[in-house]
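Observations on chain architecture
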Amino acid sequence: MPELPEVETVRRRLAPVLDGRVLERVEIDDPRLTRPLDPRDVARELEGERVASVNRRGKYLIVRFESGRALLVHLRMTGSFLHGTGLPQDDHRRALVALDDGSQLAYRDVRRFGTWLLLEPEEVEAYVDARVGREPLAEAYRAKHLGERLAGRRAPVKAALLDQRTVAGVGNIYADEALHRAGIHPLRPAQALRRPQVAALRDAVVDALSAGLAAGGATIDDFRHADGVRGAFQDEFLVHLRRGEACGTCGAEIKKMVAAGRGTYVCETCQPRPRARRRARPGAPAAG
């Protein structure tokens, strides 16, 4: 579940406590976290590394070390970090890092979908660039960049938005919220969007992500900040998870459907459903 606002919130909490710190001892207890690599080997490689910075690209946390290496962390559905001292045992804790200032950093993951990948200096940028598109909150991000990624895509626009190569960091929550803000139905083919709609969608993506970030992300299940605090954006959802409620814009009932294989929430008054294309009758003459 963690999307750009949640991951950026985690990054902002982790950076002050990790910058300049040495990973003195690393214990990785879940082999799924580093597979196919042995977690004991990865833990040994991490020990002694000094953190240079904590960055983010899309949904990836990137812990960069002074050696040039980087640890890429993808939280997936339920991954989270907790920082403190004397952290209690947790059945969902998958890794524990002891820092040189005496504090600890625990990684917990209920559903065990998260991943840790240690990359060498020459591998980092190529790995991320191949999987992640432009950062939507960057000042240089424009409607033309989104339009280039949507052009020629027959898939529903919701599916296109969930493709991380289209726009970095947008997942199910913020795709729903952005499409509602833009007045675009999630089933509309991506290639069918007109230029003004693309511009509106670009602005809506930025607005939805910015609102989520300002609220410290959304906590639906297990997401927490590194200090254990919950996010609050779930209290501001316009459509997501609000099936059967009245749309705050027009008062119509919010519906739930499936788009791109994901539960999707929409107000079909504010976001008109695209009309089905009429099929030509067998034997009918071609138009034109």
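Residues numbered from 1 in each chain as written. Predicted model: local features only at pLDDT ≥ 70, side-chain atom pairs only at ≥ 80, totals over all residues. Heavy atoms only, no water.

One pass over the full model with this rule turns up zero disulfides. Here Cys247 is not disulfide-linked; the sulfur of Cys270 is the nearest cysteine sulfur, at 3.7 Å. For Cys247, a relative accessible area of 4% translates into the label buried. Unpaired in terms of disulfides, Cys267 finds its nearest cysteine sulfur in Cys250, a separation of 3.4 Å. (Disulfide = S-S within 2.5 Å. Buried < 20%, exposed > 50% of the residue type's maximum accessible area, 1.4 Å probe, protein only.)

Attention shifts here to the packing of aromatic side chains. If you walk through the whole model with that rule in mind, you get six aromatic pairs. A connected cluster of aromatic rings, assembled from ring pairs, spans Phe81, Tyr107 and Trp116. One cation-aromatic arrangement involves Arg131 over Tyr127; the distance from NZ or CZ to the ring centre is 3.6 Å. (Phe/Tyr/Trp six-rings, centres within 6.5 Å; stacked < 30°, edge-to-face > 60°. Lys NZ or Arg CZ within 6 Å of the ring centre and 35° of its normal.)

The tally for this structure, following the rule as stated, stands at 25 salt bridges. We note a salt bridge from Asp41 to Arg44, for which the minimum N-O separation is 2.3 Å. In this pair, Asp41 and Arg44 are both assigned in helix α2 (residues 39–46), three residues apart and thus about one turn of the helix distant. Of the residues examined, Arg44 reaches a relative accessible area of 53% and is grouped as exposed. Across the pair Lys158 and Asp176 runs a salt bridge, and its minimum N-O distance is 2.9 Å. In this pair, Lys158 is assigned in helix α5 (residues 157–162) and Asp176 in helix α6 (residues 172–182), connecting sequence segments 18 residues apart. (Salt bridge = Lys/Arg side-chain N within 4 Å of Asp/Glu carboxyl O. Helix = DSSP H or I, 4+ residues; strand = E, 2+ residues; numbered from the N terminus.)

Let's shift gears to the nonpolar core. Core analysis: the biggest nonpolar cluster contains 30 residues, and Leu161, Tyr174 and Leu201 have the highest contact counts within it. Elements represented by at least two residues in this core include exactly α4 (143–150), α5, α6 and α7 (195–214). Val7, Leu14, Ala15 and Leu61 belong to the second largest nonpolar core, which has 28 residues in total. (Core = buried A, V, L, I, M, F, W, Y, C linked by side-chain atoms within 4.5 Å.)

Another aspect to go through is α7. A rise of 1.5 Å per residue sets the reference length of α7, with its 20 residues, at 28 Å; its end C-alpha atoms lie 29 Å apart and thus fit the reference within 8%. Along α7, the positions that sit buried rather than exposed are Gln197, Val198, Leu201, Arg202, Ala204, Val205, Val206, Ala208, Leu209, Ala211, Gly212 and Leu213. Check the buried side of α7 and you find it contacts α1 (4–18), α4, α5 and α6. In the stretch just after α7, Gly216 is the one whose phi turns positive, near 75°. (Expected span 1.5 Å × (residues − 1). Contact = heavy atoms within 4.5 Å.)

One ladder, built from five bridges, connects strand β9 (residues 255–259) with strand β10 (residues 262–266); its direction is antiparallel. Note that in β10 the partner of Lys255 across the bridge is Val266. Where β9 hands over to β10, the hairpin turn is made up of two residues, of which Ala260 adopts a positive phi near 55°. (Pairing = 2+ DSSP bridges.)

Across the sheet, four strands lie side by side as β1-β6-β7-β5; this open sheet has antiparallel pairing. In this open sheet, the two edge strands, each paired with only one partner strand, are β1 (23–28) and β5 (79–84). Direction aside, the axes of adjacent strands within the sheet are offset by 15° on average. Taken together, the six bridges between β5 and strand β7 (residues 104–109) define a ladder with antiparallel strand orientation. From the neighbouring strand, Gly84 faces β7, where its bridge partner is Gln104. Here α1 sits on the sheet in contact with β5, β6 (93–99) and β7, set at roughly 35° to β5. (Axes fitted to C-alpha atoms, helices over the stretch in contact; angles between N-to-C directions.)

Here the focus is empty space enclosed by the protein. One pass over the structure, following the stated rule, counts one cavity of 30 Å³ or more. In this structure, the largest cavity occupies an estimated 130 Å³ of space. Looking at the largest cavity, the residues that line it are Leu18, Leu23, Leu61, Val63, Leu71, Val73, Phe81, Val97, Leu99, Leu105, Tyr107 and Trp116. When residues of the lining of the largest cavity are traced back to their parent elements, those giving at least two are β3 (60–65), β4 (70–74), β6 and β7. (1 Å grid on protein atoms, 1.4 Å probe; cavity = no way out; pocket = protein on both sides within 12 Å on 5 of 7 lines; lining within 4 Å. Points joined across faces, edges and corners; volume = space filled by probe spheres on them.)

Next up on the list: the environment of Gln234. Tracing the backbone shows Gln234 in the loop between α7 and β9. Residues Gln234 and Ala218, 16 residues apart in the sequence, show an inter-C-alpha distance of 5.0 Å. Setting aside chain neighbours within four positions, we find Gln234 in contact with Gly217, Ala218 and Thr219.

Two modes of strand pairing occur in sheets, parallel and antiparallel, and in both the strands are linked by backbone hydrogen bonds. One open sheet holds the four strands; their spatial order is β2-β3-β4-β8, and the pairing between them is antiparallel. Looking at which strands have only one partner, the edges of the open sheet turn out to be β2 (51–57) and β8 (115–119). Neighbour-to-neighbour, the strand axes of the sheet open up by a mean angle of 20°, direction not taken into account. The sheet strands contacting α1 are β2 and β3, and the helix crosses β2 at an angle near 175°.

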